Amino acid sequence: QASTTATIDGWSLKERACFLCPANQPVEERGIPFGDDLVVLPNPAPITPLHLVLASRRHVDQTLDGCLDAAIAFALATAGHLTVLYNGPRCGASAPDHLHLQAFESGSAPDERALRGGRILGRSEELTMTSHRGSSRHVLELCGTEIAVANGVRAAVRVIGEALSA
């Protein structure tokens, strides 16, 4: 079953064996370790020619706080060659019950290729925030030091959450 069309209702998640847990992975999908908790795997249903999954070795909830530092570290380790994407549990993640990230060749995703209209929202010595209009959504780009980017993402998520709950 393609990951983009995976059945992710509560009952189905409870009934299936988690395909990201190491004990349930096919041998051909075993990956290489990254950091203390992640393993880099080939995506069995890629949407770009180079499409990886960075999955937690533990079955823990899909939360941004749980993987933000690792996402930034992996992006830095690839020296900009790979884009790292967090897909939230209510935003179409095929495994909303298991912490994971996606990674693919930078510039290969449709919204990355379609970025236009960049407008700088803020700039400091440590961070530049730019808003781009993609093909189907707006993209907020944060460039700067590892700590500044992590703090910027956390602040953006907080502000968006507050706006949505207002």
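Just so it is clear, the structure is predicted and the values come from calculations on it, not from any experiment.

Parameters and conventions
- Residues numbered from 1 in each chain as written.
- Predicted model: local features only at pLDDT ≥ 70, side-chain atom pairs only at ≥ 80, totals over all residues.
- Heavy atoms only, no water.
- Buried < 20%, exposed > 50% of the residue type's maximum accessible area, 1.4 Å probe, protein only.
- Helix = DSSP H or I, 4+ residues; strand = E, 2+ residues; numbered from the N terminus.
- Pairing = 2+ DSSP bridges.
- Axes fitted to C-alpha atoms, helices over the stretch in contact; angles between N-to-C directions.
- Salt bridge = Lys/Arg side-chain N within 4 Å of Asp/Glu carboxyl O.
- Contact = heavy atoms within 4.5 Å.
- Parallel < 35°, antiparallel > 145°, perpendicular 65-115°, else oblique.
- Left-handed = near helix turned anticlockwise from the far one by under 90°.
- Expected span 1.5 Å × (residues − 1).

Draft legend 1. Seen up close, the pairing of strand S3 (residues 51-56). Of all six residues making up S3, six are buried, and the element is well covered by its neighbours. Residue alternation in S3 divides its side chains into two sets, His 51, Val 53 and Ala 55 and Leu 52, Leu 54 and Ser 56, and both sets are buried. Note that strand S2 (residues 38-42) and S3 share five bridges and pair antiparallel. From the neighbouring strand, Val 40 faces S3, where its bridge partner is Leu 54. Of the strand pairs in this sheet, S3 and strand S5 (residues 100-105) are connected by five bridges, and their pairing is antiparallel. Each residue of the ladder has a partner; that of Leu 54, found in S5, is Leu 101.

Draft legend 2. Fine view of the sheet that holds strand S1 (residues 32-34). Pairing within the open sheet is antiparallel, and its five strands lie in the order S1-S2-S3-S5-S4. Each edge of the open sheet is held by one strand with a lone partner, namely S1 and strand S4 (82-85). Neighbouring strand axes in the sheet, compared pairwise and without regard to direction, differ in orientation by 30 degrees on average.

Draft legend 3. Inspection of the pattern of salt bridges at higher detail. This structure, assessed with the given rule, holds three salt bridges. Of the charged contacts in the structure, one is a salt bridge between Asp 37 and Arg 58, with a shortest N-O distance of 3.1 Å. A residue pair is termed long-range when its members are at least 10 positions apart, and Asp 37 in the loop between S1 and S2 and Arg 58 in the loop between S3 and helix H2 (68-77) qualify at 21 residues. Since its relative accessible area comes to 49%, Arg 58 is described here as partly exposed. Between Asp 65 and Arg 154 there is a salt bridge, with the nearest N and O atoms lying 3.8 Å from each other.

Draft legend 4. Structural view of the sheet that holds strand S7 (residues 127-133). Here three strands make up an open sheet; going across it, the order is S6-S7-S8 and the pairing antiparallel. Two strands lie at the open edges of the sheet, namely strand S6 (116-123) and strand S8 (138-144), each paired on one side alone. For this sheet the average axis-to-axis angle between neighbouring strands, irrespective of direction, equals 25 degrees. When S7 meets S8, the two strands line up antiparallel, connected through seven bridges. Paired with Met 129 across the strands is Leu 142, a residue of S8. Here helix H4 (residues 146-165) sits on the sheet and contacts S7 and S8; the angle it forms with S8, its principal contact strand, is near 150 degrees.

Draft legend 5. The packing of H2 against H4, seen in detail. Put simply, H2 and H4 touch, their axes get as near as 10 Å, and they point 135 degrees apart. For the element pair H2 / H4, the angle class is oblique. Two packed elements cross with a definite hand, and for H2 against H4 that hand is right-handed. On H4, the residues that touch Leu 68, Asp 69, Ile 72, Ala 73 and Leu 76 of H2 are Glu 146, Val 149, Ala 150, Val 153 and Arg 154.

Draft legend 6. H4, seen in detail. For H4, with 20 residues, the first-to-last C-alpha span of 29 Å sits near the 28 Å given by 1.5 Å per residue. Here H4 has its buried residues at Ala 148, Val 149, Ala 150, Gly 152, Val 153 and Ala 156. Structurally, H4 contributes buried residues whose contacts are with H2, S7 and S8.

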